Amino acid sequence: MARKKAEVIVEDKAKVTDAERRKRIELVMANLRKKNDGIIVGKLTDPEVQEQLHIEFIPTPSINFNSATGGGIPKGNVCIIAGEADSGKTSLILETIGKMHRENPEGHFALWLESEASLNLDYMVNQFGIDPERFFFIQFDRNHSAEQCLDQAEALLQTGVIDLFCINTLKALIPESEMNKSMEQVNVGAAARMNSRAMGKFVPLIKQYKTAMVLIQHLTTNIGGFSMYGDNLILAGGRAIRTASMLTVEMRKASVLDTDPIGKEDGIKINCKITKNHCIPREFPYRKFTYYAIFGEGIEQILSTLDELIDLGIIHKAGAWMQQLDSETGEIVDKWNGRNAFREDMKANPDKLEKLKSLIHGSFETLSEEEVVEIKEQEKLAEEAEEATNG
């Protein structure tokens, strides 16, 4: 005998008052919060909801990076730093952690999952100023699969105390299904599937605890593909990480020119291109900028600050002499004979440098229409390569 279907009473919504509707949904949300401890469910007017939707940043030592991205490395979101070898990816994040530690004597913990054996303790502590007591480290090796390392990272993230979590690099993490196979055995798409599961686990976790998650990735040559723009480098790792990322920055090492604020013997020049930025929805996201790194010192901030101060008319230059005038009285506040004199003065007086840095906002350029089309082409190539790999 067929079971009789339960009668469904359809209520006329037009007869339900607005106050009654609000009362009903508030009651359901209250029950959900009571049954699910820690769940965030509510209206946009609720402080907890607003806190989750508000994006804060961990500033990097590069003023230009912070200006172009909206503030630096976004908290509670995934950020991809991609580039070729020796393009400054790892150093940028290490120096950002050092800056975070120096400016915040307590708390502000960093978690680092290392798969490339590229770190040096003396370099991290003495050059970048990282506090060893607030830097937590997981090493990927032959005795542990990538999944085990990611599970360890998840356990530490669940404490809710990690401010910045970095994986260096995701591409070098080998899934368990690949670990014990011979070189001739192929497991297609294993890494991409692992990355997809990892994003599914980590994204809600870092959102809940406002942890900035950084994936350092190598740009990979798209074998078999062709770009009409002559650049066949694509961001590998699977569609999941590209989708999860709120900010993606590509970094390329460039030639130091005579017109640059540093010389070839002083350091390196790094060109950056933002290929995705959902942290600044009201602004044009596709931007490019440049910063410099001094050998043995880190990201250059003094001479690049000077150049912008001159461009803004805050410091006036006449020949080798440069002077800063009081904006109200016109009297000379400070003066320097040459760029080296300015640099030495700022190194000796960091408080003076910080005051001058507060007067500038960093510089960047928006990408041209052709450059934006190129980004879309690279994204298409990455998807095609992924589909070809997965069969």
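Being a predicted model, the structure only gives us computed values, none of them experimental.

**A look at helix H6 (residues 146-157)**
And step 1. Under the 1.5 Å per step criterion, the end-to-end length of H6 is 16 Å for twelve residues, consistent within 8% with the ideal 16 Å.
And step 2. Listing the buried residues of H6 in full gives Ala-146, Cys-149, Leu-150, Ala-153, Glu-154 and Leu-157. Along the axis of H6, the buried positions cluster into a sector of 145°, meaning they face one direction only.
And step 3. Where H6 is buried, its residues touch strand S4 (109-114), strand S5 (135-139), strand S6 (162-168) and helix H8 (190-209).

**Quick notes on the pairing of strand S3 (residues 78-83)**
As a general feature of sheets, a regular strand has side chains that alternate between the two faces.
And step 1. Of all six residues in S3, six are buried; the element is thus mostly enclosed.
And step 2. Here S3 shows no split at all, with Val-78, Ile-80 and Ala-82 on one side and Cys-79, Ile-81 and Gly-83 on the other all buried.
And step 3. In terms of strand pairing, S3 meets strand S7 (residues 212-221) through six bridges, oriented parallel. Bridge pairing links Val-78 to Met-213 in S7.

**Comments concerning the environment of Ala-240**
And step 1. As for its placement among the helices and strands, Ala-240 is situated in helix H9 (residues 239-244).
And step 2. For Ala-240, a relative accessible area of 24% puts it in the partly exposed group.
And step 3. Each C-alpha atom of the pair Ala-240 and Arg-197 lies 8.6 Å from the other, and the pair is 43 residues apart in sequence.
And step 4. Excluding anything up to four places from it in sequence, Ala-240 contacts Ser-196 and Met-199.

**Observations concerning the sheet that holds strand S15 (residues 332-337)**
Sheet strands line up and pair through hydrogen bonds in the backbone, either parallel or antiparallel.
And step 1. In spatial order, the strands read S13-S14-S15; together these three strands make up an open sheet with antiparallel pairing. Each end of this open sheet is capped by a strand with a single partner; those strands are strand S13 (315-318) and S15. On average, each strand axis in the sheet is inclined to that of its neighbour by 20°, with strand direction left out of account.
And step 2. In the packing of helix H10 (residues 302-311) onto the sheet, the strands contacted are S13 and strand S14 (321-325), and the crossing angle to S13 comes to about 90°.
And step 3. Here helix H11 (residues 339-348) sits on the sheet and contacts S13, S14 and S15; the angle it forms with S15, its principal contact strand, is near 120°.

The rules behind each value
- Residues numbered from 1 in each chain as written.
- Predicted model: local features only at pLDDT ≥ 70, side-chain atom pairs only at ≥ 80, totals over all residues.
- Heavy atoms only, no water.
- Helix = DSSP H or I, 4+ residues; strand = E, 2+ residues; numbered from the N terminus.
- Expected span 1.5 Å × (residues − 1).
- Buried < 20%, exposed > 50% of the residue type's maximum accessible area, 1.4 Å probe, protein only.
- Arc of directions from axis to C-beta.
- Contact = heavy atoms within 4.5 Å.
- Pairing = 2+ DSSP bridges.
- Axes fitted to C-alpha atoms, helices over the stretch in contact; angles between N-to-C directions.

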